[in-house]
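Next come the chains, spelled out residue by residue.
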2 protein chains.
Amino acid sequence: MNSEEEVNDFVKNGHQQYLPHLSIDSVIFGYHDQQLKILLLKWIGLDGWGLPGGFIRRREPLSQAAHRILQERTSLEDLFLQQFHVFGDSPYRLQERSAREFTEKYGLVVGDDNWLFERTLSIGYFALVDYSKVSVRTDFFTTDYRWWDVSDIPPLLFDQNEVVEKALATLRLQIYHQPIGLNLLPEKFTLAEIHSLYETVLGKELDQRNFAKKLVSLGLIKKLAEQRAIGPHRSPYLYQFEKEAYEDALKQGIVHTY
Amino acid sequence: MNSEEEVNDFVKNGHQQYLPHLSIDSVIFGYHDQQLKILLLKWIGLDGWGLPGGFIRRREPLSQAAHRILQERTSLEDLFLQQFHVFGDSPYRLQERSAREFTEKYGLVVGDDNWLFERTLSIGYFALVDYSKVSVRTDFFTTDYRWWDVSDIPPLLFDQNEVVEKALATLRLQIYHQPIGLNLLPEKFTLAEIHSLYETVLGKELDQRNFAKKLVSLGLIKKLAEQRAIGPHRSPYLYQFEKEAYEDALKQGIVHTY
């Protein structure tokens, strides 16, 4: 959506194209160089930062909608987007006031029964990317974007601070169950590299020796016979994700080695 | 809902009271005596078994709706119901045909734009109970109920077999992260008791000594100084869930001891 005319049509007739009462919010975690950040957008007509989000088309598969919305708002494509929670415990029209402010600001004359004034439940998705490798391009609705440090998130629109907290808790819980780091590390990596990634995501220090032993015993990574020369006297062994065995285990819902 | 008049009103005017496009399905796992079962209902007017489910009132918090629906359909109350996934990848009106059959069977004259003929996404919840301790009472919509063994689930309505599979995978994944067994075991239990529960839920054999060591090292259970006399020469030690430490860890999203 890139013109004011399209926006006008979206507000007035969007309910013909999109399912009412439901939206999607995406929490995109960005990791790079021992920093964990979150992608936030500045929405036009709304005072503040918010998550990339949007609506589901009437005949569109849910996961396809999640990918399309992210692509439209940010140009991010082909992410491993994971659904994690539906936020629907507020019985109020959380976005009603914002939608009214928006329509007033743009001088749109709409009825009190406009679809955007309805109660809307939000389905949360998250992904983890290397933010140094992605380029973000905003659309008409979003005037600016920024990667914010997870420890320094500003007050967000609606109940989105709660959405971010839940996403972070889920990411931390799943980091030992899913090969979440797969796209963030080289195919063959050193223990120091995966150790840094896990410490950053979990936001705490981890004893490096115990950490390595645990990841190997969980069947998450395996030690290779290769070493990488990183200095005159430093050639650490390389490791690799046990991707296949891991995915099999995940399918069966059994990822522990108990 | 208990009379034909109420059902008639629900079909014709339900969209005034409930949010369209969204429903809730509950997978109630029942454990007892080394058996794991699932509660299924026989819906009137529909040919087959299905999950307890229903719709969200327009101003009703989502989790409250999940509890109300289960209570109305089955009389089960105060369960630890956990949301686990939204099923929305089918772009079709999965329940349209069923809704049409139902209205025809009951001679209800409704328009083609009836709210029950719309595409509906389903939010899945699950819980784990001791099925020997619950009494199920069905409502007008559900003529019968039965606890089915998880290894022997019949073909279910709509896409509900997928819902059950995903619920089971989630339960198995979370059994080492949440005190899921808390309500299924006595406050103080033997290793044999918790071992049976976990073997049954996971559907596989677990070495009892390694299993106990792992649960203790994960901080999930602790060994007490007490023993229980269960025979002339048998007095196994008792164990207890580390409930508080465990819940703290869970809040922080950190449940491992790495």
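Thresholds, definitions, all that
Residues numbered from 1 in each chain as written. Chains lettered and ligands numbered in written order. Predicted model: local features only at pLDDT ≥ 70, side-chain atom pairs only at ≥ 80, totals over all residues. Heavy atoms only, no water. Domains from an automatic or database assignment. Buried area = accessible area lost by both parts, 1.4 Å probe. Salt bridge = Lys/Arg side-chain N within 4 Å of Asp/Glu carboxyl O. Polar contact = N/O pair within 3.5 Å; in protein donor to acceptor, adjacent residues only side chain to side chain. Helix = DSSP H or I, 4+ residues; strand = E, 2+ residues; numbered from the N terminus. Nonpolar A, V, L, I, M, F, W, Y, C, P; charged D, E, K, R; others polar. Pairing = 2+ DSSP bridges. Core = buried A, V, L, I, M, F, W, Y, C linked by side-chain atoms within 4.5 Å. Buried < 20%, exposed > 50% of the residue type's maximum accessible area, 1.4 Å probe, protein only. Contact = heavy atoms within 4.5 Å. Phe/Tyr/Trp six-rings, centres within 6.5 Å; stacked < 30°, edge-to-face > 60°. Lys NZ or Arg CZ within 6 Å of the ring centre and 35° of its normal.

Visitor: Could you give an account of the domain arrangement of chain A, with specific residues and numbers?
Guide: Size of an interface, as often reported, equals the accessible area lost when the parts are brought together. Residues and elements named next belong to chain A. When the domains of chain A are assigned, the result is domain 1 (4-174) and domain 2 (180-251). Domain 1 and domain 2 are separated by 33 Å when their C-alpha centres are compared. Of all residues in domain 1, Tyr31, Leu128 and Arg172 bury the most surface against domain 2, accounting for 54% of the area lost on that side. Linking domain 1 with domain 2 are zero salt bridges. Connecting domain 1 to domain 2 are three residue pairs in polar contact (both at pLDDT 80 or more). Mapped by element, the contributors of at least two residues to the side of domain 1 that touches domain 2 are β2 (35-43), β6 (121-130) and α4 (160-174). Tallied by class, the residues present in the side of domain 1 that touches domain 2 amount to five nonpolar, three polar and two charged.

Visitor: Explain the sheet that holds strand β8 (residues 189-190) of chain B to me, and be specific about the residues and the numbers.
Guide: As a general point, the strands of a sheet are linked pairwise by backbone hydrogen bonds and lie either parallel or antiparallel. Residue and element names in this part refer to chain B. Strand order across the open sheet formed by three strands is β8-β10-β9, with antiparallel pairing between neighbours. Here the strands that pair on one side only, and so sit at the sheet edges, are β8 and β9 (221-227). Bridge count between β9 and strand β10 (residues 237-241): four bridges; the pairing is antiparallel. Counted as the bridge partner of Ile221 is Phe241 from β10.

Visitor: Got a sec to walk through the nonpolar core? Specific residues and values, please.
Guide: The tendency in soluble globular proteins is for nonpolar side chains to be buried as a group. Counting 46 residues, the largest nonpolar core has Ile28(A), Ile123(A), Ile28(B) and Ile123(B) as the members making the most contacts within it. Secondary structure elements with two or more residues in this core: β1 (22-32), α2 (62-74) and β6 of chain A together with β1 (18-32), α2 (62-74) and β6 (121-130) of chain B. Ignoring anything within four residues of it in the chain, the contact list for Ile28(B) reads Lys37(B), Ile38(B), Leu39(B), Leu70(B), Leu76(B), Leu79(B), Leu81(B), Ala127(B), Val129(B) and Trp147(B).

Visitor: Report on the pairing of strand β10 (residues 237-241) of chain A, specifying residues and quantitative values.
Guide: Residues and elements named next belong to chain A. Burial within β10 is extensive, with four of its five residues counted as buried. Strand direction decides the pairing type here: strand β8 (residues 189-190) and β10, joined by two bridges, are antiparallel. Counterpart to Phe189 in the pairing with β10 is Tyr239.

Visitor: Help me get a handle on the pattern of salt bridges, residues and values and all.
Guide: Considering all chains together, one arrives at 16 salt bridges over all chains under this definition. Residue Asp130(B) pairs with Lys133(B) through a salt bridge whose shortest N-O separation is 3.9 Å. Lys133(B) gets classed as exposed once you look at its relative accessible area, which sits at 67%. Residues joined by salt bridges that share partners form a network here, namely Arg57(A), Glu60(A), Arg68(A) and Glu72(A).

Visitor: Tell me about the packing of aromatic side chains, and please be specific about residues and values.
Guide: Taken as a whole and assessed by the stated rule, the structure comprises 26 aromatic pairs over all chains. A ring pair is formed by Phe29(A) and Phe126(A), whose centres lie 6.2 Å apart and whose planes are at 75°; its orientation type is edge-to-face. In this pair, Phe29(A) is assigned in strand β1 and Phe126(A) in strand β6, connecting sequence segments 97 residues apart. Judged by relative accessible area, which is 0%, Phe29(A) ranks as buried. Residue Phe126(A) is classed as buried on the basis of its relative accessible area of 3%. Each ring, one from Phe10(B) and one from Trp115(B), has its centre 5.4 Å from the other, and the planes form 75°; the classification is edge-to-face. Of the two residues, Phe10(B) sits in helix α1 (residues 4-17) while Trp115(B) sits in the loop between α3 (96-105) and β6, which places them 105 residues apart along the sequence. By relative accessible area, Phe10(B) is classed as buried at 12%. Joined through ring pairs, the aromatic side chains of Phe10(A), Tyr18(A), Phe55(A) and Trp115(A) make up one cluster. Between Arg100(A) and the ring centre of Phe117(A), over which it is positioned, the NZ or CZ distance is 4.2 Å. The ring of Tyr237(B) carries Lys223(B) above its face, with NZ or CZ at 4.6 Å from the centroid.

Visitor: Got a sec to walk through the sheet that holds strand β9 (residues 221-227) of chain A? Specific residues and values, please.
Guide: In space, the three strands of this open sheet follow the order β8-β10-β9 (chain A), with antiparallel pairing throughout. Only two strands of the sheet have a single partner each, and these edge strands are β8 and β9 of chain A.

Visitor: So what's going on with the interface of chain A and chain B? Which residues, and what values?
Guide: Facing the 38 residues of chain A at the interface are 37 residues of chain B. Here chain A and chain B share an interface that buries about 3,800 Å² over both sides, 59% of which is from carbon and sulfur atoms. Between the two partners, chain A and chain B, sit two salt bridges. Among the salt bridges present, the one from Glu118(A) reaches Arg58(B), with a minimum N-O distance of 3.6 Å. At the level of secondary structure, the elements contributing two or more residues to the side of chain A that touches chain B comprise α2, β5 (82-87), β6 and α4 of chain A.

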